[in-house]
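Coordinates in review
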Amino acid sequence: MKIVVCIKQVPDTNEVKLDPKTGTLIRDGVPSIINPDDKAGLEAALRLKDEFGAHITVITMGPPQAKIALQEAYAMGADRVILLTDRVFAGADTLATSTTIASALKKLEYDLVITGRQAIDGDTAQVGPQIAEHLSLPQISYVSKFDHKGDHAIVKRTFEDGFQTIKVKYPCLITALAELNEARYMSVAGVVDANRSLEIETWSFSDIDAAPEKMGLKGSPTKVKKSFTKGVKQAGKVIEGTPKEVATALVDKLQEKFII
Amino acid sequence: MQFILSNEDLMMRDLFRKFTENEVEPIAAEVDENEEFPVETVKKMTKLGMLGIPYPREYGGAGGTYWQYINFVEELACACATTSVVVSAHTSLCASPIYEFGTEEQKKKYLIPLAKGEKLGAFGLTEPNAGTDAAGQQTTAVRDGDYYILNGSKIFITNAGYADVYIVMAMTDRAKGLKGISAFIVEKEFEGFSVGKKEKKMGIRGSSTCELIFEDCKVPAENLLGSEGKGFKIAMMTLDGGRIGIAAQALGIAQGAYNEAVKYVKERKQFGRSIAAFQNTQFQIADMKTKIEAARFMVYSAAYKKQLKQPYAQDAAMAKLMAAEVAMEVTTKAVQLFGGYGYTREYPVERMMRDAKITEIYEGTSEVQRMVISASELK
C-alpha cells in the first residue's frame, strides 16, 4: 500500500499571541509544530504500515524551515519526505495551495492520500477536499476512525451532531481529525537518522507540471481586505432567582434594549 | 569550549521533554508514594530506543550522542528522580563497562539486549563494609574449571530485582588488594544468585535498592569482564562516567524544583500581592537560577569531554559535586518559598528535596568527589 500524507508546519497556537495593534499573529519565537490534525493523519498511516505494511511519503509545502516538520515525520517512521518550496508558491490561498500540492501528487503513486481536517493557523478545512477535487479522488472528510479492509476501508466521519460510517474503495483521500488517534513519539534512532542520513527531497516549481498563474499569490482568488481582533464586549450579567423571576427580568431587559 | 545545540540535539531535547511531560510527570508522585518501580515507563522507553541512547546501532543502541543521553537523564529528573536513576544506572553502570571493556562475544550477548532495552542492567560494588573504601571487598570469586564461584553479598544496588544483568565486583586474589578485584557479568538466572532485602529510603523511593546475595553462584569463566585483577579499574572508570549521569540527575531535580517555585511564587498571594513581588523571593529565584546554570555548564562540559573522548574524570567529579550541592540547596529553597504547602505532599517540592539528598551520596559521596578533584591537583 502506498500512502501520501500531506502535512503543514504551523505555529503552536498554544504559545502564540496576537499583536493588539495589527491583529496579526506574533510568530517570532513561537515554536513550530506539525499541525495536530495532520499529525493524526500521519499516525493513521504509520499504524497501517505497522499492521499491514505500507510505504509512506510525507509532503509539505512551505518555506525551507518547514523541513523540520519533515524531519519529525521521518523520525516518527515515514519512509520518504518531500518539501515543496519555491518563491512562486508563496502567498498562496487554499486554492493555490491545493493546486500546487495536487500537481506534486500527480508525480507520486498512491492508494491513499491523507490530509488533516484543517490547520490551527487558518481553520479553513479546504485544502484536503480541494486536493481530492483536483485529483478526482473520492474524499471522506472529518475522519475519526479508519479500518483498512483489503481493497477498501470502513471510515467513520464525525460531525458535531452525529456521525456516518462509509465504505470507500482505494484510491481515495481522507481528512483526519486530531481525535483519530494519539500520535506516537519520534524514536531516538529516528531523530538521529533524520539529522544524519535523511535527504529531504526538495521540489520547486520546475519539478511539477502546473501553470505558474495558478500558484502562489497570482493563483489566489482570496483577497484579505482587513484582519482585526473583535473588540472586547462588556462583561455578562447573571440574573438570579426562581425561573419565573429570571424569565421576567430577562424579558424586561430585552424589551428595554428593543430586542423584542 | 562551545555549547551550541545542533538541530539533532534540539529535536532530541524536545522528544525527551514531551516524553517526560506526558509519561513520567503524571505518575511521579504515585511512584514515590507507593514505592513503585516504573515498569510501564521502562517499557515505553524501550520502544523508543531510550535505554541505549549513546551506543552504536551495531550493538543495539540508538546511535545518539553522550550529551543526548545525559540530557535525557536531566529531563527525566525534572519530573521524577526515580525514573532518571533507573536509566542512569542501566546505561552508565551496566551497559557502559560492557561496551568499554567487554569482548565482542560479551557485547553481542549482553550489550545488544541492554542497549535495546530488552534487558535491564545494574552494577554491584558496594558492600556492608566496603562503601567509599571499595578495597574492603568481601565477596570472593574462585576459579573452578570453566566457572568462577562467587560468594558474598552486595548492598544498596540500584535496579536490583528488576535488572536482568549485573556487573559484579569480587575478589579473585585478596593478597593483591585493589589489584585482586575482578569484574563479572552476572545474569539474574545464574545458580546461587538471589536478590535480598529491599531498602526503604528517604527519596528515589520508586527505584529498587536491594541486597544481592551470592551463594556458590556459578558464573561462566567467559563472563569475566576485562581480565583478572582489572575489576577496580573497571569500577572506577565506570563510576567516572556514572557521575556525569548522577550530576545530570541532580541538575534535573534542581531545575524541576525551580520550575515549580517560579510557577508558585507568581500564583501565591500574601499581603495583597503575589509573593513574586517581594524582593526576598526575587533574590531567591535569582540565586537558584544562577546556580542551576553554573551546574548545567559543568555537567555539559563533562559530558562533552567524555563524548569527545578527552580525559573527563575530574570534570565528572566536579560536575557531580557542584550539581548535587546545587540540587540540595535549590530544592531546600523551593520548599521554603512554598512555606507550609511546600512541606506537604500536595506539591512536588518536598519529594524533590528528599530525592536531591541521594545525589550527594551515591556513586561517590561529595567527600569522595573532593578527594578525586584534589588528588589530581596535589599530585
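Please read all numbers here as calculations on a predicted model, not as lab measurements.

The rules behind these values
Residues numbered from 1 in each chain as written. Chains lettered and ligands numbered in written order. Predicted model: local features only at pLDDT ≥ 70, side-chain atom pairs only at ≥ 80, totals over all residues. Heavy atoms only, no water. Axes fitted to C-alpha atoms, helices over the stretch in contact; angles between N-to-C directions. Helix = DSSP H or I, 4+ residues; strand = E, 2+ residues; numbered from the N terminus. Left-handed = near helix turned anticlockwise from the far one by under 90°. Contact = heavy atoms within 4.5 Å. Nonpolar A, V, L, I, M, F, W, Y, C, P; charged D, E, K, R; others polar. Buried area = accessible area lost by both parts, 1.4 Å probe. Salt bridge = Lys/Arg side-chain N within 4 Å of Asp/Glu carboxyl O. Polar contact = N/O pair within 3.5 Å; in protein donor to acceptor, adjacent residues only side chain to side chain. Pairing = 2+ DSSP bridges. Buried < 20%, exposed > 50% of the residue type's maximum accessible area, 1.4 Å probe, protein only. pLDDT = per-residue confidence, 0-100.

Examining the packing of helix H3 (residues 66–79) of chain B against helix H7 (residues 279–307) of chain B
All names here are of chain B. It is the contact of H3 with H7, at a shortest axis distance of 8 Å, that shows an interaxial angle of 145°. The two elements H3 and H7 meet at a crossing, and its hand is right-handed. Between H3, through Tyr66, Trp67, Ile70, Asn71 and Glu74, and H7, the contact on the second element is made entirely by Arg296, Val299, Tyr300, Ala303, Tyr304, Lys306 and Gln307. Among the residues forming the contact of H3 with H7, the class breakdown is 7 nonpolar, 2 polar and 3 charged.

Some details on the interface of chain B and chain A
Each partner contributes to the interface: chain B provides 19 residues, whereas chain A provides 13 residues. Summed over both sides, the interface between chain B and chain A buries roughly 1,500 Å², with carbon and sulfur atoms accounting for 60% of that surface. Considering only the side of chain B, the residues that lose the most area to chain A are Glu8, Met11 and Leu48 of chain B, jointly responsible for 37% of the buried surface there. A salt bridge links Glu8 of chain B to Arg196 of chain A, with the shortest nitrogen-to-oxygen separation between them at 2.8 Å. Applying the counting rule to chain B against chain A returns 10 residue pairs in polar contact (both at pLDDT 80 or more).

Concerning the pairing of strand S2 (residues 140–144) of chain B
The two faces of the sheet receive side chains in turn, since in a regular strand these alternate between them. All names here are of chain B. Relative to strand S3 (residues 147–158), S2 runs antiparallel, the two being bridged by 5 bridges. The residue of S3 that forms the bridge with Arg143 is Tyr148. Between S2 and S3, which follow one another and run antiparallel, lie 2 residues, and Gly145 among them has a positive phi close to 65°.

Regarding the side chain of Asp240 of chain B
Residue and element names in this part refer to chain B. Within the secondary structure layout, Asp240 lies in helix H6 (residues 231–267). At 3.4 Å, the side chain of Asp240 forms a polar contact with the side chain of Arg243. Beyond its immediate sequence surroundings of up to four residues, Asp240 is in contact with Tyr312, Ala313 and Ala316.

A word on the environment of Trp67 of chain B
All names here are of chain B. Relative to the helices and strands, Trp67 resides in helix H3. Assessed through its relative accessible area of 1%, Trp67 is described here as buried. Placed 33 residues apart in sequence, Trp67 and Asn34 show a C-alpha to C-alpha distance of 32 Å. What Trp67 contacts, discounting residues up to four positions off in sequence, is Leu5, Asp9, Tyr300, Ala303, Tyr304 and Gln307.

Notes on the confidence of the model for chain B
Of all residues in chain B, 99% have pLDDT values of 70 or greater, and the mean over the chain is 97. Interface predicted TM-score (ipTM) for the complex: 0.94; the corresponding pTM is 0.92.

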